[in-house]
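Here's the letter readout for the chains.
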Amino acid sequence: MRTNYADDFPLLKNSTENGKRLVYLDNAATTQKPTQVIDAVRNYYEQYNANPHRGAYPLSEKATEAYEAARGKVAAFIGAGSPEEIVFTKGTTESLNLIAGSYGMDIVQEGDEILISIAEHHSNLIPWQAVAKAKSAKLRYLYTDANGKLTTEEIAAKITTRTRIVAVAQVSNVLGIVNPIEEIVKRAHEAGAIVVLDAAQGIPHMPVDVQALDVDFLAFSGHKLYAPMGIGVLYAKKEHLRNMHPLLLGGGMVDDVSEQTAAYTDGPGKFEGGTQHVEGAVGLHSALDYLENIGYEQIGRIEHELTGYALARLHSIPHVTIYGQESGYGRTGVISFNIDGAHPHDVSTILSADGVAIRSGHHCAHPLMRYMGVNATCRASLCFYNTKDDIDVLIGSIWKVREVLKLGAE
Ligand SMILES: Cc1ncc(COP(=O)(O)O)c(C=O)c1O
């Protein structure tokens, strides 16, 4: 069975950082793109670029077919009932804003509660603050335990009959913890609330079946899933989509326009005003084919082994604090840590001298940082194209940090 996939990614094969082999460990921020995806985008521009849904000539029809084929692919990939439930957006942020602005603003009323977790990315937090403020509703939080987990008790206590919307990440972008989505959905639906799932950090690592999970909405970004930047997905159950008003008004989202009124089109096109990112949809289609070919089982196997290896090696370094659960179970390869006395930005700069690319900062999760009592963390995030060799370089570099900063290695 094949285990090394880095060769599929031209940037990983060819790049150096500060004269060293690039060790790319910022996959939670964005992933590199396989040749197959790059070729698909190039083919689109070389062979069938035209404005879709607009022209009656063959080139435009081909672009339309490719765009709609990508929609069909996404629907099948996430187990949606129909391609009509898939709206293409710019990414997770736009998808979540669309849900909040178009659905949340309509159904949330004064005194209602919107429930999110303390570990949400700002993209699944600020839009809900806006809804709560506009509607005089209350934004409440699920707090994690010491291991970064959402407990059954916390979920049971916070979801009540006042809860209208529960919006949570499938996987935390800071702690890598996989949230108990089935439990949250069950509880929320029993209480009459709908569930919004931010799958940005989940779907790159594990299969997502929207019907099996029974989530009402789901959002993810192509670029974290080996596809181009600027393409994302909003899944919504048909009955929700039908009742939502569009946010972007203009060309392509109407059936008829008179001087004073406009009749919006049905289906996902209603939310896709303006010329769409066909190249991105084509690239996303190709990325999903690529992932399917490898299979989530294989991806999970490689990532689980790498994560366990990285956590064990990190754990053995003095002065290193790992945030969240330290075993490889129930989590992805997003690993947040700090080194005593060293600012995360200094750590990432020192690591980059060895070619290691990690993220440092607040990871768009200010409330979680405050809750954890830190200003920032270092975050290494793995995916299936990483290797033990990458982890060894990371660990070797971390060992040097306190020495370089003259803090004493032991
Ligand atoms: C959990 C989570 N939600 C939302 C986002 C926002 O994604 P994008 O910037 O692609 O819109 C991110 C990005 O890091 C994320 O990790």
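Rules behind the numbers
In this numbering scheme, every chain counts its residues from 1 along its sequence in written order. Restriction of local features to residues with pLDDT of at least 70 applies here, the model being predicted, together with a cutoff of 80 or more for giving and counting side-chain atom pairs; totals for whole chains, interfaces and linings are based on all residues. Working definition of burial: number of other C-beta atoms within 10 Å of the residue's own, with buried at 20 or more, exposed at 12 or fewer, and partly exposed in between, all C-beta atoms being placed from the backbone. Helix and strand assignments come from DSSP, with helices taken as H or I runs of at least 4 residues and strands as E runs of at least 2, each series counted from the N terminus. Starting at the helix axis, one direction is taken to each C-beta atom, and the arc is that of these directions. The contact criterion used is a C-beta to C-beta distance within 7 Å, with each C-beta placed from the backbone. Here the rule is simple: two strands pair whenever DSSP picks up at least two bridges between them. Working convention: axes come from line fits to C-alpha atoms, limited for helices to the stretch in contact. Angles between N-to-C directions cover 0 to 180 degrees. In these notes the angle categories are as follows: under 35 degrees is roughly parallel, over 145 is roughly antiparallel, 65 to 115 is roughly perpendicular, and the rest is oblique. Note: crossing handedness is left-handed where the near helix turns anticlockwise from the far helix by less than a right angle, and right-handed where it turns clockwise. Each residue receives one of three labels: charged for Asp, Glu, Lys and Arg, nonpolar for Ala, Val, Leu, Ile, Met, Phe, Trp, Tyr, Cys and Pro, and polar for the others, Gly being one of them. As used in this record, a residue near a molecule or strand is one whose C-beta atom, placed from the backbone, is within 6 Å of it. By our criterion, buried Ala, Val, Leu, Ile, Met, Phe, Trp, Tyr and Cys residues that link up through C-beta atoms within 7 Å make up a nonpolar core. Domain delimitation follows an automatic or database domain assignment. Take the number of residues in a helix, subtract one, and multiply by 1.5 Å to get its expected span.

Peer 1: Now, about helix H5 (residues 126-135): what can you tell me, with residues and values included?
Peer 2: Of the positions making up H5, those classed as buried are Pro127, Trp128, Val131 and Ala132. Within H5, the buried residues cover an arc of 135 degrees as seen down the axis, which keeps them to one side. Buried residues belonging to H5 abut helix H4 (92-107), strand S5 (113-117), strand S6 (138-142) and strand S7 (163-169). Where H5 terminates, the next one or two residues include Ser136, which has phi positive at roughly 50 degrees.

Peer 1: Mind laying out the sheet that holds strand S17 (residues 377-381), listing which residues take part and the relevant values?
Peer 2: Within the open sheet, the four strands sit side by side as S13-S14-S17-S16. Their pairing is antiparallel. Two strands bound the open sheet, and with one partner strand each, they are strand S13 (320-322) and strand S16 (359-361). Sheet twist, expressed as the mean angle between neighbouring strand axes with direction ignored, is 30 degrees. Relative to S17, strand S14 (residues 334-339) is paired through four bridges, and the arrangement is antiparallel.

Peer 1: Give a detailed account of the packing of helix H3 (residues 58-77) against helix H10 (residues 278-294), specifying residues and quantitative values.
Peer 2: Each packed pair of helices is defined by two parameters, the angle between the axes and the distance between the axes. The interhelical angle for the contact between H3 and H10, taken along N-to-C directions, is 40 degrees, at an axis separation of 9 Å. On the basis of the axis angle, H3 is oblique to H10. Crossing handedness for the pair H3 and H10: left-handed. Here Ala63, Ala66, Tyr67, Ala69, Ala70, Lys73, Val74 and Phe77 of H3 lie close against H10, whose contacting residues are Val278, Ala281, Val282, Leu284, His285 and Leu288. In the contact of H3 with H10, the residues fall into twelve nonpolar, one polar and one charged.

Peer 1: Describe the site of the ligand, naming the residues involved and giving the relevant values.
Peer 2: The environment of the ligand is formed by Gly91, Thr92, Thr93, His121, Ser123, Asn124, Ala169, Asn173, Asp198, Ala200, Gln201 and Ser221. When its residues are assigned to classes, the shell around the ligand shows two nonpolar, nine polar and one charged.

Peer 1: Break down the environment of Val282 for me, with residues and values.
Peer 2: Tracing the backbone through its elements, the reader meets Val282 in helix H10. Counting along the chain gives 211 residues from Val282 to Arg71, while the straight-line C-alpha distance between them is 9.4 Å. The residues touching Val282, leaving out its near neighbours within four places in the chain, are Ala40, Val41, Tyr44, Ala66 and Ala70.

Peer 1: Any details on the nonpolar core? Residues and values, ideally.
Peer 2: Ranked by size, the top nonpolar core spans 115 residues in total, and within it Ile114, Val166, Phe217, Leu218 and Tyr235 carry the most contacts. No other element matches H10, which puts eight residues into this core. When we break this core down by domain, the ones giving at least three residues each are domain 1 (6-30 + 295-404) and domain 2 (38-292). Ignoring anything within four residues of it in the chain, the contact list for Phe217 reads Ile99, Val196, Leu197, Leu234, Tyr235, Ala236 and His240.

Peer 1: Please give an account of the packing of helix H2 (residues 35-47) against H10 that cites residues and values.
Peer 2: At their nearest, the axes of H2 and H10 sit 8 Å apart, and the two run at 145 degrees to each other. In terms of crossing hand, the pair formed by H2 and H10 is right-handed. Residue-level inspection shows Gln36, Val37, Ala40, Val41, Tyr44 and Tyr45 of H2 in contact with H10, the latter providing Val278, Glu279, Val282, Gly283, Ser286, Ala287 and Tyr290.

Peer 1: Which residues make up the domain arrangement of the chain, and what are the values?
Peer 2: Examined at the domain level, the chain breaks down into domain 1 (6-30 + 295-404) and domain 2 (38-292). Centre-to-centre, using C-alpha coordinates, domain 1 lies 28 Å away from domain 2. Contact residues are listed per partner, giving 27 residues for domain 1 and 26 residues for domain 2. For the side of domain 1 that touches domain 2, the secondary structure elements donating two or more residues are helix H11 (296-315), S14, helix H13 (366-372) and S17. Here the side of domain 1 that touches domain 2 gets four residues from one element, more than from any other, and that element is H11. A per-class count over the side of domain 1 that touches domain 2 returns 13 nonpolar, eleven polar and three charged.

Peer 1: Which residues make up the sheet that holds S5, and what values go with them?
Peer 2: Taken in spatial order, the seven strands of this open sheet run S4-S10-S9-S8-S7-S5-S6, and their pairing is mixed. Either end of the sheet is taken by a strand with one partner, and the two such strands are strand S4 (86-89) and S6. Taken over all neighbouring pairs, the strand axes of this sheet differ in orientation by 20 degrees on average, direction set aside. In the sheet, S7 pairs with strand S8 (residues 194-198) via five bridges, with the strands oriented parallel. Counterpart to Ala169 in the pairing with S8 is Asp198.

Peer 1: Which residues make up helix H14 (residues 388-404), and what are the values?
Peer 2: In this model, H14 (17 residues) spans 24 Å end to end at C-alpha, consistent with the 24 Å of a helix rising 1.5 Å per residue. The complete set of buried residues in H14 reads Asp390, Ile391, Leu394, Ser397, Ile398, Val401 and Arg402. Projected down its long axis, H14 shows its buried positions confined to an angular sector of 140 degrees, all on one face. Those residues of H14 that are exposed and aimed more than 90 degrees away from the buried face are Lys388, Asp389 and Glu403. Positive backbone phi, at 55 degrees, marks Lys406, one or two positions downstream of H14.

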